[in-house]
Amino acid sequence: MWRTRRAAGACEVCRSFLSISCAGRGPFSPPRLHLLSRSIHLPHPPTLRPLRPQLRASSQPFSSLGHLPLRRWKLSPVRLNYQPRRHFWPARLAARLLRLRYLILGSAVGGGYTAKKTFDQWKDMIPDLSDYKWIVPDFVWQLDEYIDLGHKLVSEVTGASGLLLLLGSSGETAFRATDASESDRQFKKGLLGELIILQQQIQEHEEEARRAAGQYNTGYSQQKRKVTDKEKVEQLQEELLRTQLKYQRILERLEKENKELRKLVLQRDDKGIHHRNLKKSLIDMYSEVLDVLSDYDASYNTQDHLPRVVVVGDQSAGKTSVLEMIAQARIFPRGSGEMMTRSPVKVTLSEGPHHVALFKDSSREFDLTKEEDLAALRREIELRMRKNVKEGYTVSPETISLNVKGPGLQRMVLVDLPGVINTVTAGMAPDTKETIFSISKAYMQNPNAIILCIQDGSVDAERSIVTDLVSQMDPHGKRTIFVLTKVDLAERNVASPSRIQQIIEGKLFPMKALGYFAVVTGKGNSSESIEAIRDYEEEFFQNSKLLKTSMLKAHQVTTRNLSLAVSDCFWKMVRESVEQQADCFKATRFNLETEWKNNYPRLRELDRNELFEKAKNEILDEVISLSQVTPKHWEEILQQMLWERVSTHVIENIYLPAAQTMNSGTFNTTVDIKLKQWTDKQLPTKAVEVAWETLQEEFSRFMTEPKGKEHDDIFDKLKQAVKEESIKRHKWNDFAEDSLRVIQHNALEDRSITDKQQWDAAIYFMEEALRGRLKDTETVLENMVGPDWKKRWVHWMGRTHEQSVHNETKNELERMLKCNEEHPAYLASDEITTVRKNLESRGVEVDPSLIKDTWHQVYRRHFLKTALTHCNLCRRGFYYYQRHFVDSELECNDVVLFWRIQRMLAITANTLRQQLTNTEVRRLEKNVKEVLEDFAEDGDKKVKLLTGKRVQLAEDLKKVREIQEKLDAFIEALHQEK
């Protein structure tokens, strides 16, 4: 009896062991793992002797902390009526004690080995930052560095959706940022190991759901069983959705931890802990290449075939919102139904420790975590768009380049284009629709451009315009990704949810695409944050019937999955096309260099900026040359030009009226009054004008003077423009006229001629002035009366009727003046009548006005000849002048007048020369430097002023070399990342 109780007790122990083992293992069968993973996760490697089969339940679980397999208990069969031999009990007791020792020793060894393996596994899970690649700031730690998802994940993803975008030609995974060639990577336990279990569960649940759905549709007769199968299908679908969401949350948790670690590392490096110069990130290098190519295309009408993600869609379809969700910031200006995107915006996304944005041509960083910086960024983008749009247009093809950096951003280059419209509304230019189409086609016709087609899910599909445009540019859908926005509104408003499924499956629109995505980018409130929108999007899809009924797959929803897929496709396209583009530019460079050598073999290849710098130095040297002009030269030029400007006023308004007076007292009084009026009102202004014109003439002489063989006529237009703009900006000192007025007034008040030399100089000056006026008067008379008899006979010239009348009138007036040489300057009325009657008696009809005009010139010539005779008499009058012309019939007050004028001219010229050399030349030089600086910053001005085949060829060479060098550097960095 005691034997029976003993056997029953042993069975109870076995059953308890079996229940404990089965309860610990769970209801699932162990996953089929990679061979290498088995060698790590299983307690014994495959090379060891296999253990005996374990006790099995319905399914066995797998955990990262799996126990060693339990050894099956071997129980001896119990024989009935068996009587043990009592005299061997000491031996049996010793044997059992020895067995217990071995069990304890084996357990200790196995437990120590298991503890050591567990410690090593958790130690390996800690990220090793020593192997961190510093040269690639945007490197994303790949999940498959720790998990070889392999063909399991690939086959599941592709089998569920058929998304060819996520696969390469060799079946590589879509979530790799770089190509990885290593196939045998170690598996890690813990949280990463659970991902494998979840993935296997997803596959098993999908298979069970498909089998259950097939059984559900087999027959109509089994109605009761059909209802039960339907409930089972719904239960399995819900369980599958929960498993997928759990998988997604684990991925997000890993990504968040990775982001925090990378942010910490990047911040430490920014603070200079590592003391090393970081190279530019791969995406920044690529963006620079695109910027240079964009400028080159705009100037020289060439095309590049480098990839970029082109975001197109109907107006208000949600293009900008999708781009903001990818950039994780509300960076674009927004408007309700109004066109806000008026020019293309190139957004370069890259990873960095801080979430900031900056423009290509500006050093200001906008902190995207602060609302005031976000508002300032949106205003700046809107201002740049309006600045790009020319008057009379609504949109512009000029591109705005913006860089956005932040933790966790996918590296890519996106171009946001103006929304496609169907009707031109009030306030738009008539050609707005055609302009938007041409801009969109210009970007999409690039054979390597990835087209991100945005379709509004809340409106009827038949109203879409962009899908037809995309299907024309990419009819086979080899580079198009379709994105359905506002899915939340579509689910509420669309009567048939299967219509959304038809769109996502590519059966409703005529266009084809690599992949189809459904996203939610907000509730329509522009003040919502990106985090709030993302939470709303995840909550919506978690509760959406579209996922529960398998109309949409989990990887086809949310902007997070969209950005991963677009980034992977972008880099795949870059690797396939960048080297071909580099080869094209190498050939272009060779052709341009050959053309330069053949046309300009002895000239350096100076581009427009280098030529401008050379011209700038020449112009500044010429301005400095003004300071080398001698004071004597300045004064001679100033005095000569000032007299030419005021001589007419002096002769006509001062000297001639005063000379008509009867005595010297009246002459001097008239002269003083008129000189005072002239000095107060006109003379200082005239003097400053003369000085400014003199400075301009000297400056122009130095600028345009040929330099011999060194002269390069390519700078002529630039020098002329600099001269004109500098003169335009220059303004003489306002206080110069006031100080000059006092000096001129004091100079004219002086009447004391100190020596005979000054007296003779005044007489010479007066004679030169009067002879010049006499010559001008005789020229006017000759033109009035025609040629004399000698010219008529020698040159066969004749007089017109009018000239004959003037000649008869002149002869009559000369006879009258000869009778009275002291005749006043004006004719009396009776004298005019007498002259007219005398002419009529000879058959010449004249008008009184003609008589007056002729008399003015005749009397002027008579007066000047008389003044020259008197001037000659005054050569010996210095002695009488010293005696104040007392007891002398000779009065030379007119000589004193010209001496005063001459002295005023000399003093004024000296004063102006001092102002020129001390102040104005330096101010002019400053203006020239400012003009040159302004021209240097104005690219359009340099293009306009520096033209010619040589400049154009040098510019082409410079751009092509720059593009080629940047492409080579980018390709080298790309190969290093591989």
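If you're wondering where the values come from, they're calculated on a predicted model, not measured in any experiment.

### As for the packing of aromatic side chains
- On inspection of all chains with the given rule, the structure shows 13 aromatic pairs.
- Look at Phe 570 and Trp 571: their rings are 5.3 Å apart centre to centre, the planes differ by 75°, and that puts the pair in the edge-to-face class.
- Classification of Trp 571 as buried rests on a relative accessible area of 2%.
- Here the aromatic cluster, defined as three or more aromatic residues joined through ring pairs, consists of Trp 643, Tyr 655, Phe 765, Phe 863 and Phe 898.
- Seen from the ring of Phe 359, Arg 384 lies directly overhead, with NZ or CZ sitting 4.0 Å from the centre.

### Some details on helix α10 (residues 432–444)
- Helix length check: α10, at 13 residues, gives a terminal C-alpha distance of 18 Å against a target of 18 Å (1.5 Å per residue), a fit within 8%.
- Among all positions in α10, only Thr 432, Thr 435, Ile 436, Phe 437, Ile 439, Ser 440, Tyr 443 and Met 444 are buried.

### Section: a nonpolar patch on the surface
- There is a patch of nonpolar side chains on the surface, built from Trp 789, Trp 793 and Val 794 and spanning about 450 Å² of accessible area.
- Along the chain, the position of Trp 789 falls in helix α24 (residues 789–794).

### Overview of the sheet that holds strand β5 (residues 400–406)
- Read across the open sheet, the 9 strands follow the order β4-β3-β5-β2-β6-β1-β7-β8-β9; overall the sheet is mixed. Only two strands of the sheet have a single neighbouring strand rather than two, namely β4 (366–367) and β9 (515–518).
- Looking at chain direction, strand β3 (residues 356–359) and β5 are connected through 4 bridges and run antiparallel. By the bridge assignment, Phe 359 is partnered in β5 with Leu 402.

### Considering the state of the cysteines
- The final tally for this structure, using the stated rule, is 1 disulfide.
- One disulfide in the model links Cys 874 with Cys 892; its S-S distance is 2.1 Å. Its S-S torsion of approximately -100° makes the covalent link between Cys 874 and Cys 892 left-handed. Of this pair, Cys 874 sits in the loop between α27 (848–873) and α28 (878–882) while Cys 892 sits in the loop between α28 and α29 (893–937), and the two are 18 residues apart along the sequence.
- Looking at the unpaired Cys 871, the closest cysteine sulfur is the one in Cys 874, lying at 6.6 Å.

### Let's talk about the pattern of salt bridges
- On inspection of all chains with the given rule, the structure shows 40 salt bridges.
- Linking Arg 384 and Glu 380 is a salt bridge whose minimum nitrogen-to-oxygen distance equals 3.0 Å. Separated by 4 residues within a single helix, Arg 384 and Glu 380 lie in helix α9 (residues 371–388), roughly one turn from each other.
- Linking Glu 593 and Arg 589 is a salt bridge whose minimum nitrogen-to-oxygen distance equals 3.0 Å. Linking Glu 593 with Arg 589, this pair stays in helix α16 (residues 559–599), spanning 4 residues, or about one helical turn.
- Note on Glu 593: relative accessible area 18%, which makes it buried.

### Focus: the pairing of β5
- With 6 of its 7 residues buried, β5 lies for the most part within the structure.
- Where strand β2 (residues 345–351) and β5 come together, 7 bridges link them in parallel fashion. Along β5, the bridge assignment pairs Val 345 with Ile 400.

### A look at the packing of helix α25 (residues 801–819) against α27
- The N-to-C vectors of α25 and α27 enclose an angle of 55°; their axes lie 9 Å apart at closest approach. In this view, α25 runs oblique relative to α27, as classed from their interaxial angle. The chirality of how α25 crosses α27 is right-handed. On α27, the residues touching Val 805, His 806, Thr 809, Lys 810, Leu 813, Glu 814, Met 816 and Leu 817 of α25 are Leu 850, Ile 851, Thr 854, Trp 855, Val 858, Tyr 859, Arg 861 and His 862.

### Examining the confidence of the model for the protein chain
- Of the residues in the protein chain, 71% have a pLDDT of 70 or more, and the chain-wide mean is 75.
- Across the protein chain, strand β1 (residues 309–313) holds the top mean pLDDT of 92, while helix α2 (residues 35–41) sits lowest at 34.
- Counted against residues more than four places away or in other chains, residues 1–86, with its pLDDT under 50, gives 84 contacts.
- Here residues 129–191 is a poorly scored stretch, pLDDT under 50, and it has 141 contacts once near neighbours within four places are set aside; other chains count.

Quick notes on the rules
Residues numbered from 1 in each chain as written. Predicted model: local features only at pLDDT ≥ 70, side-chain atom pairs only at ≥ 80, totals over all residues. Heavy atoms only, no water. Phe/Tyr/Trp six-rings, centres within 6.5 Å; stacked < 30°, edge-to-face > 60°. Buried < 20%, exposed > 50% of the residue type's maximum accessible area, 1.4 Å probe, protein only. Lys NZ or Arg CZ within 6 Å of the ring centre and 35° of its normal. Helix = DSSP H or I, 4+ residues; strand = E, 2+ residues; numbered from the N terminus. Expected span 1.5 Å × (residues − 1). Patch = residues over 30% accessible without salt bridge, like charges linked within 9 Å, V, L, I, M, F, W, Y side chains within 5 Å. Areas by Shrake-Rupley, 256 points an atom, 1.4 Å probe, with all protein chains shown as cover. Salt bridge = Lys/Arg side-chain N within 4 Å of Asp/Glu carboxyl O. Pairing = 2+ DSSP bridges. Disulfide = S-S within 2.5 Å. Axes fitted to C-alpha atoms, helices over the stretch in contact; angles between N-to-C directions. Parallel < 35°, antiparallel > 145°, perpendicular 65-115°, else oblique. Left-handed = near helix turned anticlockwise from the far one by under 90°. Contact = heavy atoms within 4.5 Å. pLDDT = per-residue confidence, 0-100.

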